[in-house]
Structure formats: C-alpha cells, structure tokens
Amino acid sequence: MPGSLNQSWTYSEQYVPEDEVLLAGRRRAEEGGCVPIGSGGGATLRFLANLLDAKAVVEVGTGTGVSGVWILRGMVDDGVLTTVDIEAEHQRLARETFREAGIAPNRVRLITGRALEVLPRLTDGVYDLVLIDGDKQEYADLFAEALRLLRPGGVVAFDNALWHDRVADPSQRDPDTVALREIGRLVRESEEVLPVLLPVGDGLLLARKR
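Residues numbered from 1 in each chain as written. Predicted model: local features only at pLDDT ≥ 70, side-chain atom pairs only at ≥ 80, totals over all residues. Heavy atoms only, no water.

**Structural notes on helix 3 (residues 39-51)**
In this model helix 3 runs 18 Å from its N-terminal to its C-terminal C-alpha over 13 residues, within 8% of the 18 Å that 1.5 Å per residue would give. Among the residues of helix 3, Ser39, Gly40, Gly41, Gly42, Ala43, Thr44, Leu45, Leu48 and Ala49 are the ones counted as buried. (Helix = DSSP H or I, 4+ residues; strand = E, 2+ residues; numbered from the N terminus. Expected span 1.5 Å × (residues − 1). Buried < 20%, exposed > 50% of the residue type's maximum accessible area, 1.4 Å probe, protein only.)

Right, dumping it as structure tokens:
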C-alpha cells in the first residue's frame, strides 16, 4: 500500500503553512519552555472562529501567542480574545507575537492567573469559542466553566486530547493521561454538547453547546 498514516498526518499538518509571525512565536515558545498548538490544530481553530463569526473567545493557556494569532485571524475584525495564563513571562512573549502579527492591542485581553480563578469572573453565555490548553488535570472543571461561558451553538476545544498517543493506550495511567481520558468520556457522554475528536496535532477534542 503506497504512503502511510504518518505521511498523511504530516501532509495534513502542513497543508495550511505558517507565516514568519507564527514561526517566530514558535521559536519564542521553545526559548520560553512551553509547547504551542500544532499548525493543524491552529488552522482548525482559525476555521472554527471564522465559521462561528466569533466576536468573543476565551483561551486558557496563552503560551507565546501562537494559538491566539490563529484564532484572531479567524474572528470578526473587531472580535476580542480573552487569554489566560499563569505565567506572566509567557504573556510578555505573546505580546511580542501579537504585535508582530499587527493585532490591535484592544483586541486582546491578557489576564495572568489560574484559569479556575479567572474564568468564574467572566460573563455567562456570551462567548463563541473557548480553547482549553492548560493544566490537563483541570480539564474536567474547565469543561464546566466553558459550558457556562458559551452561548448556545458555541464550541469548546481541548488541545492534547490524544496526549502523545498515550490516551489510546490503556496501559498508560499517569495522572495527565487519566485526566485526558476522563474529559474525553465526560464530553462524549454529556447531553449538553455535540462532540467530535479530531486527530490533528496532538488531538483536538471539540464540543458544540446545544
């Protein structure tokens, strides 16, 4: 059989190429010790934001702004991204990425702090998209917060849903893998959402609020 699944995955990840702004953001991430969303996941988020005509998005895990730039490029022109990260240094680097991307400062609201302390202060039912890419062991609690924040028809996205092929391997029982397996179950069984798991990047779990 010609080709392979790995070749097809690589081809699809590179299908929408990244520009120098995103590549510079990735270099900052490497220097800053954080791992941004893959290019395939970023392209998917841009597509979703555009499909939703997103005006208000919440992101848990700012990193160095790679996922934020992808999302903002899909949002309406005056849309605002609220992005939360526990690391102030990561957000400093993200500001550089947003500036290089030509994104107006009033389109990004950066909040430094723990997501489970910040999200409860945000307004119910007004967000189009919530990206969760933070502490894996908080994903279940963050899912509940996302459902409260989303408008009907809004989408919550969880990055790292396949976690380096560990989630699919029942012999892997470390806390992060178990937590990701659990959020997969919670989303699949929830009557409040319509779910799908996409094998882009390290796995992107999506759920649309009914």
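Here the narrative resumes.
**Things to note about helix 5 (residues 88-100)**
The first and last C-alpha atoms of helix 5 sit 19 Å apart over 13 residues, in line with the 18 Å expected at 1.5 Å per residue. When helix 5 is considered as a whole, its buried residues turn out to be His90, Gln91, Leu93, Ala94, Thr97 and Phe98. Seen along its axis, helix 5 keeps its buried residues to an arc of 160 degrees; they face one direction. The inward-facing, buried residues of helix 5 contact helix 2 (20-32), helix 4 (66-74), strand 2 (80-85) and strand 3 (108-112). Remark: Gly102 follows helix 5 within two positions and exhibits a positive phi of approximately 75 degrees. (Arc of directions from axis to C-beta. Contact = heavy atoms within 4.5 Å.)

**Things to note about unusual backbone geometry**
Of note in this structure, Trp163 is not a glycine but carries a positive phi near 45 degrees. When you line up the elements, Trp163 lands in the loop between strand 5 (150-159) and helix 8 (175-189). For Trp163, a relative accessible area of 16% gives the class buried. The phi torsion at Asp165 lies on the positive side, around 70 degrees, for a residue other than glycine.

**A few points about the packing of aromatic side chains**
What the rule picks out here adds up to two aromatic pairs. A centroid spacing of 5.4 Å and a plane angle of 45 degrees characterise the contact between Tyr139 and Phe158, whose relative ring orientation is tilted. One end of the pair, Tyr139, is in helix 7 (residues 139-149); the other, Phe158, is in strand 5, and 19 residues separate them in sequence. With a relative accessible area of 0%, Tyr139 lands in the buried category. Relative to Phe158, the ring of Phe143 has its centre 5.9 Å away and its plane inclined at 65 degrees; by these criteria the two rings are edge-to-face. Linking Phe143 in helix 7 with Phe158 in strand 5, this pair joins segments that are 15 residues apart in sequence. What makes Phe143 buried here is its relative accessible area of 7%. Three or more aromatic residues joined by ring pairs form one cluster here, namely Tyr139, Phe143 and Phe158. (Phe/Tyr/Trp six-rings, centres within 6.5 Å; stacked < 30°, edge-to-face > 60°.)

**Observations concerning the sheet that holds strand 4 (residues 127-132)**
In spatial order, the strands read 3-2-1-4-5-7-6; together these seven strands make up an open sheet with mixed pairing. In this open sheet, the two strands that pair with only one neighbour each are strand 3 and strand 6 (193-198). Across this sheet, the average inter-strand angle for adjacent strands is 15 degrees, counted without regard to direction. Pairing of strand 1 (residues 56-60) with strand 4 involves four bridges; the strand directions are parallel. The partner of Val60 across the bridge, within strand 4, is Ile132. With respect to the sheet, helix 7 is in contact with strand 1, strand 4, strand 5, strand 6 and strand 7 (204-209), its orientation differing from that of strand 5 by roughly 155 degrees. Set on the sheet, helix 8 makes contact with strand 5, strand 6 and strand 7; between it and strand 7 the angle comes to about 30 degrees. (Pairing = 2+ DSSP bridges. Axes fitted to C-alpha atoms, helices over the stretch in contact; angles between N-to-C directions.)

**Some remarks on the layout of surface pockets**
Of the volumes computed, that of the largest pocket is approximately 780 Å³. Considering the residues around the largest pocket, the lining is formed by 37 residues, among which Val35, Asp133, Gly134, Lys136 and Asn160 are closest to the centre. Contributions of two or more residues to the lining of the largest pocket are made by helix 4 and strand 2. For the lining of the largest pocket, a count of residues per class yields 13 nonpolar, 14 polar and 10 charged. Forming the walls of the second largest pocket are 14 residues, and the residues nearest its centre are Gly184, Arg185, Arg188, Leu197 and Leu205. Top element by residues in the lining of the second largest pocket is helix 8. It accounts for seven residues. (1 Å grid on protein atoms, 1.4 Å probe; cavity = no way out; pocket = protein on both sides within 12 Å on 5 of 7 lines; lining within 4 Å. Points joined across faces, edges and corners; volume = space filled by probe spheres on them. Nonpolar A, V, L, I, M, F, W, Y, C, P; charged D, E, K, R; others polar.)

**Description of the nonpolar core**
Leu119, Ile132, Phe143, Val156, Phe158 and Val187 are the most contacted members of the largest nonpolar core, which totals 30 residues. Contributions of two or more residues to this core are made by strand 1, helix 6 (115-118), strand 4, helix 7, strand 5, helix 8 and strand 7. The element that contributes the greatest number of residues to this core is helix 7, accounting for six residues. With sequence-adjacent residues up to four places away left out, Leu119 is seen in contact with Val58, Val60, Val84, Leu142, Glu145, Arg148 and Leu149. Leu45, Leu52, Phe98 and Ala157 belong to the second largest nonpolar core, which has 27 residues in total. (Core = buried A, V, L, I, M, F, W, Y, C linked by side-chain atoms within 4.5 Å.)

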